[in-house]
Amino acid sequence: MLELGSCPTPVHMKRIRLYLFFYFTGTVLLQLAYRSLDRLTRGSASDWQVILVEQATGVYGTAVLLPFMLWAFRRYPLRRSITPWLQHCFLLAGFSILHTSWNWGTRVAIFRMLHFGAYDYGKMPLRYLMEFPADIITYALAAGAYMLYRDWMRTRDIESELAMARLDGLTRQLQPHFLFNALNAVSGLMYEDVDRADLMLERICTFLRSTMRSPDSPLDSIANELLLARQYLEIMQTRLESKLVYSIQCDPRAEAIQIPTLLLQPLIENAVKYGHDPNSGNLTIQIDIALSNRTVGIRIRDHGPGLQAIFEGQGITNTKRRLASYYGVAAAFRLSAHPTGGAISELEIPT
């Protein structure tokens, strides 16, 4: 029904139709109350059934003609020139004639159907003239509402495009950052164990191929993000061998949900870097993803010395910026100490 900068989604259109239904129905009920009470204050019978028919046909007649008005606003956008205003004067006259004719026809039919007797709408030439000022107000309000909605949609599109551009830029920062860290790890291993260094390079290549196969978008599914997380941890496991143990648990309902690409990567890197047990040197990482109340909860825990060992560097700063760019204040990030030891990175993301 509305063709703006971007097409509203089916859910969005359903919500708009619901709002319009409540608006028109509320207008009918308020007009019914006002006119009934007005008659009572003047000592007359309220005659609410007649008033209800009159107000319902008039208000819902506007709803029936709303597509005509929206077509007129789209077809002849109002600008700072005389031509579109003249065009809308003719369209306004057409709208008023159609609206008054609708009122006349529907009220005559409903009065006969409900056995209220004949409906007297007065002298029709004068009635068309009388209804015209009210229809000017209706037409002008509809035009104003349409323009406000159109401008809001355009602003929302621009803000969304800017947020996606910022998110894409921040995502691109992660790729060289990861590659530098991974190759640095290989360089430290190649003089100790050539075979393990070779296996590590092979797994790095697998990881990079997976990132290149990701969609050309700053968003990706949680399932793909976990695949990359697994591949990265396998790279680290090649280096650390049995010292690294990890587990990944994910609610199957959350796997298809889209989140910023490589959102988990810097948090897992942080856990690998700072999460070693201070006594044994072992590294245990747990990744848990749950879905509840339209929110995805992501929890990454290590068993290291806790917050005192963690440096909030580029990775965590980047994560916070990416969440703010795409979700605003709707998403949350927390870094806390676990009561039994270690640190926890927690993300709450709206679905």
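Residues numbered from 1 in each chain as written. Predicted model: local features only at pLDDT ≥ 70, side-chain atom pairs only at ≥ 80, totals over all residues. Heavy atoms only, no water.

### Quick notes on the overall build of the protein
So, point 1. Broken down by element type, the protein carries nine helices and seven strands.
So, point 2. Counting over 351 residues, the protein shows a buried share of 40%.
So, point 3. Taking as baseline every contact in the protein between residues at least 6 positions apart, the subset at least 24 positions apart corresponds to 71%.
So, point 4. Approximately 20,200 Å² of the protein is accessible, and the part contributed by carbon and sulfur atoms is 60%. (Helix = DSSP H or I, 4+ residues; strand = E, 2+ residues; numbered from the N terminus. Buried < 20%, exposed > 50% of the residue type's maximum accessible area, 1.4 Å probe, protein only. Contact = heavy atoms within 4.5 Å. Areas by Shrake-Rupley, 256 points an atom, 1.4 Å probe, with all protein chains shown as cover.)

### Re unusual backbone geometry
So, point 1. In the Ramachandran plot, N293 falls in the positive-phi region, its phi being about 50 degrees despite a non-glycine side chain.
So, point 2. Mapped onto the secondary structure, N293 falls in the loop between β4 (283-292) and β5 (295-302).
So, point 3. A positive phi is found at R294, a non-glycine position, where the angle reads about 60 degrees.
So, point 4. Of note, R294 is situated in the loop between β4 and β5.

### Some points on the confidence of the model for the protein
So, point 1. Taken residue by residue, the protein gives an average pLDDT of 83. The fraction at 70 or more is 85%.
So, point 2. Within the model, the stretch residues 1-5 combines pLDDT values under 50 with 17 contacts to residues more than four positions away or in other chains. (pLDDT = per-residue confidence, 0-100.)

### Comments concerning the side chain of R107
So, point 1. Relative to the helices and strands, R107 is located in helix α4 (residues 82-113).
So, point 2. Buried charge without a salt bridge: R107, with E54 as the nearest opposite-charge side chain at an N-O distance of 5.0 Å.
So, point 3. In contact with R107, other than residues within four places in its own chain, are V53, E54, T57, G58, Y119 and Y121. (Lys, Arg positive; Asp, Glu negative; His and termini not counted. Salt bridge = Lys/Arg side-chain N within 4 Å of Asp/Glu carboxyl O.)

### Focus on the packing of aromatic side chains
So, point 1. According to the stated counting rule, one finds 11 aromatic pairs in the structure shown.
So, point 2. Here W71 and Y76 contribute two aromatic rings whose centre-to-centre distance is 6.0 Å and whose plane-to-plane angle is 90 degrees, an arrangement assigned as edge-to-face.
So, point 3. Here Y326 and Y327 contribute two aromatic rings whose centre-to-centre distance is 4.8 Å and whose plane-to-plane angle is 90 degrees, an arrangement assigned as edge-to-face.
So, point 4. For Y326, a relative accessible area of 34% translates into the label partly exposed.
So, point 5. Ring pairing ties together the aromatic residues F73, F95, Y139 and Y146, which thus form one cluster. (Phe/Tyr/Trp six-rings, centres within 6.5 Å; stacked < 30°, edge-to-face > 60°.)

### With respect to the nonpolar core
Most often, soluble globular proteins have nonpolar side chains that are buried together.
So, point 1. I222, I268, I285, I298 and L347 are the most contacted members of the largest nonpolar core, which has 44 residues in total.
So, point 2. Counting residues per element, this core draws most heavily on helix α7 (residues 222-240), at nine residues.
So, point 3. Discounting chain neighbours no more than four positions away, the residues touching L347 are L263, L264, L267, V296, G297, I298, T319, L323, A332 and F333.
So, point 4. Counting residues in hydrophobic clusters, the runner-up holds 17 residues, among them V28, L66, A72 and Y146. (Core = buried A, V, L, I, M, F, W, Y, C linked by side-chain atoms within 4.5 Å.)

### What to know about the packing of helix α3 (residues 66-75) against α4
So, point 1. Two elements in contact, α3 and α4, have axes whose closest approach is 11 Å; the angle formed by their N-to-C orientations is 175 degrees. In terms of orientation, α3 lies roughly antiparallel with respect to α4. Two secondary-structure elements touch here, α3 through F68, M69, W71, A72 and F73 and α4 through H88, L91 and F95.
So, point 2. Looking at the contact of α3 with α4 residue by residue, the class counts come to seven nonpolar, one polar and no charged. (Axes fitted to C-alpha atoms, helices over the stretch in contact; angles between N-to-C directions. Parallel < 35°, antiparallel > 145°, perpendicular 65-115°, else oblique. Nonpolar A, V, L, I, M, F, W, Y, C, P; charged D, E, K, R; others polar.)

### Overview of a nonpolar patch on the surface
So, point 1. The grouping of L18, F21 and F22 at the surface amounts to a nonpolar patch, some 320 Å² of accessible area in total.
So, point 2. Examined against the element boundaries, F21 turns out to sit in helix α1 (residues 10-41). (Patch = residues over 30% accessible without salt bridge, like charges linked within 9 Å, V, L, I, M, F, W, Y side chains within 5 Å.)

### Observations regarding the packing of helix α2 (residues 48-64) against α4
So, point 1. The contact between α2 and α4 brings their axes to 9 Å, and the two run at 140 degrees. With respect to each other, α2 and α4 are oriented oblique. Where α2 crosses over α4, the two elements pack in a sense that is right-handed. Seen from α2, the contacting residues are V50, V53, E54, T57, G58, G61, T62 and V64; seen from α4, they are H99, W102, N103, T106, R107, I110 and F111.
So, point 2. A breakdown of the residues in the contact of α2 with α4 according to their chemical character gives six nonpolar, seven polar and two charged. (Left-handed = near helix turned anticlockwise from the far one by under 90°.)

### Topic: the environment of K273
So, point 1. The topology assignment puts K273 in helix α8 (residues 265-274).
So, point 2. Take K273: its relative accessible area is 59%, and that puts it in the exposed class.
So, point 3. Expressed as a C-alpha distance, the spacing of K273 and L283, which sit 10 residues apart in the sequence, is 9.3 Å.

### Thoughts on the pairing of β4
So, point 1. The side-chain alternation of β4 yields one buried face, formed by L283, I285, I287, I289 and L291, and one unburied face, formed by T284, Q286, D288, A290 and S292.
So, point 2. Note that strand β2 (residues 244-250) and β4 share seven bridges and pair parallel. If you follow V245 over to β4, its bridge partner there is T284.
So, point 3. The loop that links β4 with its antiparallel partner β5 comprises two residues; one of these, N293, has a positive phi angle of about 50 degrees. (Pairing = 2+ DSSP bridges.)

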